[in-house]
Amino acid sequence: MDLEVKGVAVSPRRQTQLSSMGKKRQGWRPDTRASHGPRPPEVPCLDLGRLGDSDEEDGNSYMPYSGSYPHTCHLDSSLHWRTSLQTPYAQHHQAEQQKTVPENLPSPRDRYKLKYRQYEADMREEYKQYSERIAEKKKDHFQCPEASVKEDVAAERRKQAVVEQVMVDQLSRAVISDPEQSTRADVYKEAHGLLGFGTAPMRCRKRTLHETKIRTKSGLTENMLSNKLRFDSRIISRNGRDACRELIGFFFACDRSLTVYEFRQFGKNRTNALPFIQKGVYQHQCGQKKGKAYDLSDFYIGANLTFRSVDHNLPESCKQNPVLTLRVIGIDEAAVDFLKASSVEFKQECSKQVVDNSKVFKKIQGMLRETLSKRGVRVLTGLGKYFRNVDKNRNGFLSQADFKEALKVFHLEIPEGDFVSLWLILDDSKSDKVDFGEFTRAIFGEMNEYRKSFVRKAYMKLDFNKTGSVPMVDIRKCYCAKKHPLVLAGKATEEDIKSSFLETLGESCSNPNEVSYSEFEDYYEGLSIGIMDDEDFVNILRNPWGI
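Structure report, in brief. A quick note: this is a predicted structure, and the numbers were derived from the prediction, not measured. For every chain, the first residue of the written sequence is number 1, and numbering continues from 1 onward in sequence order. Where local features are concerned, this predicted model is filtered to residues with pLDDT of at least 70; where side-chain atom pairs are given and counted, the filter is 80 or more; whole-chain, interface and lining totals use all residues. Note that water and hydrogens are dropped before the side-chain values are worked out from all heavy atoms of the structure.

**Thoughts on the environment of Leu258**
Strands here mean DSSP runs of E at least two residues long; helices mean DSSP runs of H or I at least four residues long; both are numbered from the N terminus. Structurally, the position occupied by Leu258 is in strand β5 (residues 257-266). Throughout, exposure labels follow a simple rule: accessible area from a 1.4 Å probe, protein chains only, divided by the maximum for the residue type, with under 20% read as buried, over 50% as exposed, and the rest as partly exposed. Accessibility expressed as a relative area gives 1% for Leu258, which makes it buried. C-alpha of Leu258 to C-alpha of Leu229: the two residues are 29 residues apart in sequence and 9.2 Å apart in space. The contact criterion used throughout is that any non-hydrogen atoms of two residues lie within 4.5 Å. Apart from the residues within four sequence positions on either side, Leu258 is in contact with Phe250, Phe251, Gln278, Lys279, Gly280, Tyr282, Tyr294, Phe299 and Phe307.

What follows is the structure, given as structure tokens:
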């Protein structure tokens, strides 16, 4: 059968190759000579140039095969080409070719217009409901953020890693490499060259644990160390780098010793737990219990643990103060209950002196509460800046006259008798100087550790390099006032709220170009005084800083 192909030409060379290939083929092949004949007029010519997508095509031109429409087309003779056109499939194609699209369509009737408007309104209402559902999900996600759950899981993993490191450090004998296992006779012979022929020096000898000449430093076992109390703590310091250190401590009931480790991160992937306070039995360095060893009753949220700075290998910034103060910010309540139940000697004692001191603090704080509720931020930030300017020695200690002058400048009135009582409590060393941070906490109080933890989170997010200060430019970039109540109510713009915040914060800074941790903390300390609910205060930190 001769098919006419338009648009495709075959070169003479190709025709020669095809003819030669046909001659070389061997084996069985179908006899198609009977089908080689003239093209029937009913069969359209094959035009490859028209094989392209057409806009007139639609999904109705294809009819699937079924049993009611037999579709067989044998190429044995031209008769089958003619008979194949009589099938419903071929008739359908012929009908499709004759189908035309009218050019002048009539405009849709009012009924269809009404249906379309109803459809459009339904789509808008559905999209509105969808948007409300998404907003509600975001609100629920914000109230119980997934990031918060991840942070809790990560924090628990860090604590577990520190626990494992502590157990490894305390159970390691470190005997093989201990230089003390060399006896004095061996050292003398080696020094004077009296070792026998063929005897290797001490550093080259192969030694085992059973050949050691010294005893291990302690006989602690894992079972004894398991009776421990884990607590989280922070350094009370105006230095931002020290205040944001992540410290985890352990109190061992077997020998009443304690140790504190610092969890540190080096780069993105490397972490380690390093000893901050070596394991030992320590005594109080300040307060009514000065000189007494720590026991189980000294560990609770808000308790202060004091150590002598010179007794420990601390960073230089921590050694500036002769006494290192750690504040307990979290505690393992289950371990406390277990140790209390198993300890016969445990007793919670609160001396009369401690009760009297607490009454003095509460009385003075009650006097200043009304004044601070109206201008707490201005007073706290301004007083902190005043103290830093007066502190010429940069050690944080001021005299009684300096404190009296500061109270007078900021119009804070305290009766003379109450001030004397307060000074006797704070100046327990009789040096006539008191740390101004301790003085501020005594007369104003301080926010609880739950609120303080979010203040530290916000500052650590800003100071990700842990330098202790944040440029004011970064504060401006990171602060977001979109969810401020005045902005949501339409009474103020985001720029107004941001400018007001930066102005107030900048006035409290000694350097207008950067914000230290103490200045950042003073701002929110003053803000915390007028907010009674903890969650309201936490939302004030979450919304602008995204924590």
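From this point, things continue past the structure.
**Regarding the sheet that holds strand β4 (residues 247-252)**
Only when DSSP finds a minimum of two bridges between them are two strands counted as paired. Here we have six strands laid out as an open sheet, ordered β6-β5-β4-β3-β8-β7, and antiparallel in their pairing. Of all the strands in the sheet, just β6 (270-280) and β7 (304-308) have a single pairing partner and so form its edges. On average, adjacent strands in this sheet sit at an angle of 35° to one another, irrespective of strand direction. In this analysis an axis means a line fitted to C-alpha atoms, helices contributing only their contacting stretch, and an angle means the value between N-to-C directions, from 0 to 180 degrees. The strands touched by helix α10 (residues 333-342) within the sheet are β3 (228-235) and β8 (323-331), with β3 carrying the most contacts at an inclination of about 135°. Of the strands in this sheet, β3 and β8 are in contact with helix α15 (residues 449-462), which crosses β8 at around 105°.

**Remarks on the side chain of Lys228**
Take Lys228: it is sitting in strand β3. Asp and Glu are treated as the negative residues and Lys and Arg as the positive ones, with His and the ends of the chain left uncounted. Any carboxyl oxygen of Asp or Glu within 4 Å of a side-chain nitrogen of Lys or Arg constitutes a salt bridge here. We note that Lys228 is buried and unpaired, the nearest opposite charge coming from Asp332 at a distance of 7.9 Å. Beyond its immediate stretch of four places on either side in the chain, Lys228 contacts Val163, Met167, Phe250, Phe251, Phe252, Ala335 and Leu339.

**Quick word on helix α11 (residues 352-390)**
Here a helix's expected span is defined as the number of its residues, less one, multiplied by 1.5 Å. Along its 39 residues, α11 runs just 36 Å from first to last C-alpha, ending more than 12% under the 57 Å computed at 1.5 Å per residue. A bend of about 100° at Arg375 is the largest found in α11. We define the bend at each residue as the angle formed by axes fitted to the 7 residues ending at it and the 7 residues starting at it.

**Let's talk about the nonpolar core**
As used here, the term nonpolar core means buried Ala, Val, Leu, Ile, Met, Phe, Trp, Tyr and Cys residues forming a set that is joined through side-chain atoms within 4.5 Å. Counting residues in each nonpolar core, the largest one holds 31 residues, and the members touching the most others are Ile475, Phe501, Phe520, Tyr524, Leu541 and Trp545. Those elements that place two or more of their residues in this core are α15, α16 (472-478), α18 (494-507), α19 (517-529) and α20 (534-545). Broken down by element, this core gets its largest block of residues, five residues, from α15.

**Some remarks on a nonpolar patch on the surface**
Taken together, the side chains of Tyr116, Tyr119 and Met123 make up a nonpolar region of the molecular surface, amounting to roughly 360 Å² of accessible area. Mapped onto the elements of the fold, Met123 is located in helix α4 (residues 110-143). Without a salt bridge and with relative accessible area above 30%, a residue can belong to a patch; like charges are then joined within 9 Å and nonpolar side chains (Val, Leu, Ile, Met, Phe, Trp, Tyr) within 5 Å. Here the open area of atoms and residues is found with the Shrake-Rupley method and a 1.4 Å probe, where only the protein chains shown may cover a residue.

**Quick look at the pattern of salt bridges**
For the structure shown, the criterion picks out 23 salt bridges. The partner of Arg451 in a salt bridge is Asp534, with the nearest N and O atoms 2.7 Å apart. With Arg451 in helix α15 and Asp534 in helix α20, this pair connects stretches of sequence that are 83 residues apart. For Asp534, a relative accessible area of 25% gives the class partly exposed. The closest approach of N and O atoms between Glu521 and Lys452, which form a salt bridge, is 2.8 Å.

**Overview of the environment of Arg375**
Its location among the elements puts Arg375 in helix α11. A C-alpha to C-alpha distance of 9.6 Å links Arg375 and Ile529, two positions 154 residues apart in sequence. In this view, Arg375 contacts Phe410, His411 and Leu412; residues no more than four positions away in its chain are not counted. N or O atoms within 3.5 Å of each other form a polar contact, as long as, within protein, one can give a hydrogen and the other can take it, and as long as residues adjacent in sequence are counted only when both atoms are side-chain atoms. Of the polar contacts made by the side chain of Arg375, one reaches the backbone oxygen of Phe410; its length is 3.4 Å.

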